[in-house]
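# Close look at the chain arrangement
Letter by letter, the chains look like this.
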Amino acid sequence: MPSADSPAATPAQLPAGIDEHSLFRSLFSAYPDALLLVDAQGRIVLANPAAVALLGYSAQELASMSVDALVPDSIRSRHEAYRDAYGKSPRARPMGTQMDLVAKCRDGSEVMVEIALSPLTDQGLPYVVAAIRGIEAYPRVRQALQRARYSEQLAQLGRFAVDTRDQAALLARIPEVASAALEADAAVVFLRDGVQGDFRIAAGVGLGSGEQVGDRLPDRPDTPPGFVAAQARAVQVADFATEQRFVVPPAYLAAGWSSGLAVPLSDRGSVVGTLAVRSRRALRFGDDETRFLESLSSLLVTSLQRAHTEDALNHAQRLEIVGQLTGGIAHDFNNLLTVIQGNLQVLEELPAIAGDTYGQQLVAAATRASRRGAELTGKLLAFSRRQVLQPTGVDAAALLHSLTDMLRRTLDQRIRIDVDVAPRCPPCVADPGQLESALLNIAINARDAMPEGGTLSFAAQACRALPADAAAELGAEARPLDFVSISIRDSGAGMSEATRERAFEPFFTTKELGRGTGLGLSTVYGFAKQSRGTVTLSSTLGEGTVVTLYLPAAAAGPVPELHEPAPQVRVPRGLAVLLVEDDAEVRSVMQTFLDALGCRVSAFASAEQALAALVPGAGFELLLSDIALGAGMRGTALAALASQRLPALGVILMSGFSAELLDAQHDTHPRWELLKKPFGRLELAEAIGRVLANEAPQG
């Protein structure tokens, strides 16, 4: 036998009956990556089926062309020079791991690839094997994009739920959205009939041949909907063929269903039905899909409640419905956005993604989608008057001049902008940023009403006697207050009476599809009401529109700057932080943020666990806690106890539910910071800086 030091090992012998040429052809054809056999002149000699699928050419077409034809025109000359140099010194080489490589397909499109070159000259063959792999989305980016798409689907369905008055249409839409978003083969809504003691299929898509809308199943724990109702929580089915927890109907197996997911429809603690999806693929559904389906079920139940009572509601009551709808899902939705945005921020900075143009594009797309989701939630909260405001004295003249300077640079030059502020106009009491946003929303609507140009006029003045319609809208709150009126007038197309009646309704819009969400004026309405003011609208077709905000006047005194510069903050390295968050994914994102800021973090899922760690000598300097912590102690109570044990402890409370933050503003220590989800690492760092500044000894 040859020794280990022999200069060359004896090639392994193929098993008897296997032809080397046939084996090569079989491996070449079956290889999952695209393979091209290229000669010394750069001509393609052979291509495998994966190359045909990736590049769009037939095998015969590829076998008669130069590899240069697969290179984009802009870099073809450089590629020819590179190929000539490589031919003089061929060697095995991977390409595309540290640079962007693009292959040109038959239809002219381009695909990002990685390439590995393997010369066969060592075997005495004048060829090079080029292995080409199409780069697909990175798994974490793909997951972030999927979550962003879920958020977008929820936003679109929310609009439909508010607009429609047809309960049957909403029921039919829910399984369509669930099936499309989750790429499920079937989706079905079961509703409980308490009188007959069974479940009825109220709506569904992709149902098997043995079931249809209107069918009924017994309300027992051994049926699929009965089991979910008895559990009162989400149920995942890995394989219907082996499921033992309930009796699987034969129709499921006949239809080829493999995996499934179902969530209860809960109305005030009582299960009124279930929402289920099914797939012919095994292990199809996970935690992200469960959260999305739970959000759908919450939206469906809330909308069904509205459908039962809407006939008895007047116009003002219909406006309040959206606040109830939003408040029910805001916390979970903002937690989801916190996870999405936090992971995207971390992902964007990973070395593997930082130098990858395609990966950065995917991250940027997901980030934009998640921000749209956050903006939509913020607008709904503004309408429902559950946003967190920071009112102060605002100089209307300074605000209007600043805003109109910006509008002159950005609006159509055919739109003339005028400003008229009455002498000695007092400051108004409002959140400056939200007031500016409200005026901008009105200005954008005015711009859209003047496609051929026109005049946009801003005016402000003191107002001691409100017009009758404004006084009636404001009620008793109007009597003891002086007001500042800020009006925006346009010379545009105006509104019909029917449009004017619905102008402040959320999601109502006369713009074409894709030009607006219908939330602009509704957020103005919510902002004005929450600021202890009101808003009126007058309009005539062909004569333009006037929108007027009435806001409380500030008491005499100096007016602070409209936008005070944010202080530069630096988080001390090694800051000992006690993190308390019951959502595991949000907790992970917060820990990642704190680690990046150089903090030492101890993380817990409940207030009770955190209290056990608050022993003498623990050395914690900051508490970062969610307000809602599941079934146990709330974050506000934890902060109070923690502050008693460690008086120097800084406190930051966070929540995705604005009503909690509004309550906390009134009930917590003035030095505690409140953070609204979703937020990024910079906002967290600024909050930490403010807390540490407040806790620092004065003098």
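Predicted model, so just to flag it, every value in this text is computed and none were measured.

So, how was this worked out
Residues numbered from 1 in each chain as written. Predicted model: local features only at pLDDT ≥ 70, side-chain atom pairs only at ≥ 80, totals over all residues. Heavy atoms only, no water. Pairing = 2+ DSSP bridges. Helix = DSSP H or I, 4+ residues; strand = E, 2+ residues; numbered from the N terminus. Axes fitted to C-alpha atoms, helices over the stretch in contact; angles between N-to-C directions. Salt bridge = Lys/Arg side-chain N within 4 Å of Asp/Glu carboxyl O. Buried < 20%, exposed > 50% of the residue type's maximum accessible area, 1.4 Å probe, protein only. Phe/Tyr/Trp six-rings, centres within 6.5 Å; stacked < 30°, edge-to-face > 60°. Contact = heavy atoms within 4.5 Å. pLDDT = per-residue confidence, 0-100. Polar contact = N/O pair within 3.5 Å; in protein donor to acceptor, adjacent residues only side chain to side chain. Core = buried A, V, L, I, M, F, W, Y, C linked by side-chain atoms within 4.5 Å. Arc of directions from axis to C-beta.

## Side note on the sheet that holds strand β14 (residues 415–421)
Read from one edge of the open sheet, five strands run β14-β16-β17-β19-β18, paired in mixed fashion. The sheet is open, and its two borders are formed by β14 and β18 (534–540), each paired with just one other strand. Across the sheet, the mean angle from the axis of one strand to that of its neighbour is 15°, orientation sign disregarded. Pairing between β18 and strand β19 (residues 544–552): seven bridges, direction antiparallel. Paired with Thr536 across the two strands is Thr548, which belongs to β19.

## Section: the pattern of salt bridges
Overall, the coordinates contain 20 salt bridges when judged by the stated rule. Asp73 serves as the salt-bridge partner of Lys104, at 3.3 Å between the closest nitrogen and oxygen. Note that Lys104 is positioned in strand β4 (residues 101–104) and Asp73 in the loop between α3 (59–62) and α4 (76–88), a separation of 31 residues in sequence. Residue Lys104 is classed as partly exposed on the basis of its relative accessible area, which comes to 21%. Note that Arg291 is salt-bridged to Glu585, the shortest N-O span being 2.9 Å. Here the residue Arg291 occupies a position in helix α9 (residues 287–309), and Glu585 occupies one in helix α18 (residues 584–596), the gap between them amounting to 294 residues. Salt bridges here are not isolated pairs; linked through shared partners, they connect Asp68, Arg83 and Asp84.

## Comments concerning the packing of aromatic side chains
Within the structure shown, the criterion is met by four aromatic pairs. Centre to centre, the rings of Phe24 and Phe28 are 5.7 Å apart; their planes meet at 35°, and the pair counts as tilted. Placement of the pair is Phe24 and Phe28 together in helix α1 (residues 20–30), with a separation of four residues, close to one helical turn. Ring plane angle 80° and centroid distance 5.4 Å describe the contact between Phe240 and Tyr252, whose orientation is recorded as edge-to-face.

## What to know about the pairing of β19
With respect to burial, β19 is a largely interior element, nine of its nine residues being buried. Bridging between strand β17 (residues 483–490) and β19 involves eight bridges; their strand directions are antiparallel. Paired with Ile488 across the two strands is Val547, which belongs to β19. Turn length for the β18-β19 hairpin, with the two strands adjacent in sequence and antiparallel, is three residues, and the turn residue Gly542 shows positive phi of about 80°.

## A word on the sheet that holds strand β8 (residues 198–205)
Strand order across the open sheet formed by six strands is β9-β8-β7-β12-β11-β10, with antiparallel pairing between neighbours. At either margin of the open sheet sits one strand with a lone partner, and together these are β9 (216–218) and β10 (235–237). When strand polarity is set aside, the average angle formed by the axes of neighbouring strands in this sheet is 25°. Taken together, the three bridges between β8 and β9 define a ladder with antiparallel strand orientation. By the bridge assignment, Asp198 is partnered in β9 with Pro218. The strands that helix α7 (residues 224–231) touches are β7 (186–193), β8, β9, β10, β11 (259–267) and β12 (270–279); relative to β12, the one it contacts most, it runs at about 125°.

## Things to note about the confidence of the model for the protein
Overall, the predicted model of the protein reaches an average pLDDT of 78, with 78% of residues at or above 70. For the protein, helix α21 (residues 658–667) is the element with the lowest average pLDDT, namely 56, and strand β20 (residues 576–580) is the one with the highest, namely 94. Every residue in residues 311–316 is under pLDDT 50, and counting partners more than four places away or in other chains gives five contacts.

## A word on the side chain of Ser259
Within the secondary structure layout, Ser259 lies in strand β11. A polar contact of 2.5 Å, which involves the side chain of Ser259, links it to the backbone oxygen of Arg281. Sequence-distant contacts of Ser259, defined by excluding residues within four places in its chain, comprise Val237, Ala238, Phe240, Val277, Arg278, Ser279, Arg281, Ala282, Leu283, Arg284 and Phe285.

## Remarks on the side chain of Thr290
For Thr290, the position within the fold is in helix α9. Of the polar contacts made by the side chain of Thr290, one reaches the side chain of Gln236; its length is 3.1 Å. Apart from the residues lying within four places of it in its own chain, the contact partners of Thr290 are Ala234, Gln236, Leu261 and Val263.

## Brief notes about the environment of Met590
For Met590, the position within the fold is in helix α18. For the pair formed by Met590 and Leu684, sequence separation is 94 residues and the distance between their alpha carbons is 9.0 Å. Among all residues touching Met590, those that are not within four sequence positions of it are Thr338, Leu579, Met654 and Phe679.

## A word on the nonpolar core
Side chains of a nonpolar character, in soluble globular proteins, are inclined to be buried together. One finds Leu435, Leu439, Leu456, Phe458 and Ile486 to be the most contacted residues of the largest nonpolar core, which totals 37 residues. It is helix α14 (residues 432–448) that provides the largest number of residues to this core, a total of six residues. With residues near it in sequence (within four places) discarded, Leu456 still touches Leu411, Ile415, Arg416, Ile417, Asp418, Ala443, Ala446, Met450, Ile488, Arg489 and Asp490. Among the nonpolar cores identified, the runner-up in size contains 33 residues, and Leu154, Ala178, Ala181 and Leu261 belong to it.

## Let's talk about helix α20 (residues 635–645)
All of the buried residues in α20 are Gly635, Leu638, Ala639 and Ala642. Around the axis of α20, the buried residues are gathered within 100° of arc, so they sit on the same side.

## A look at the pairing of β8
Of the strand pairs in this sheet, β7 and β8 are connected by seven bridges, and their pairing is antiparallel. Considered in β8, the bridge of Leu191 is made with Arg200.

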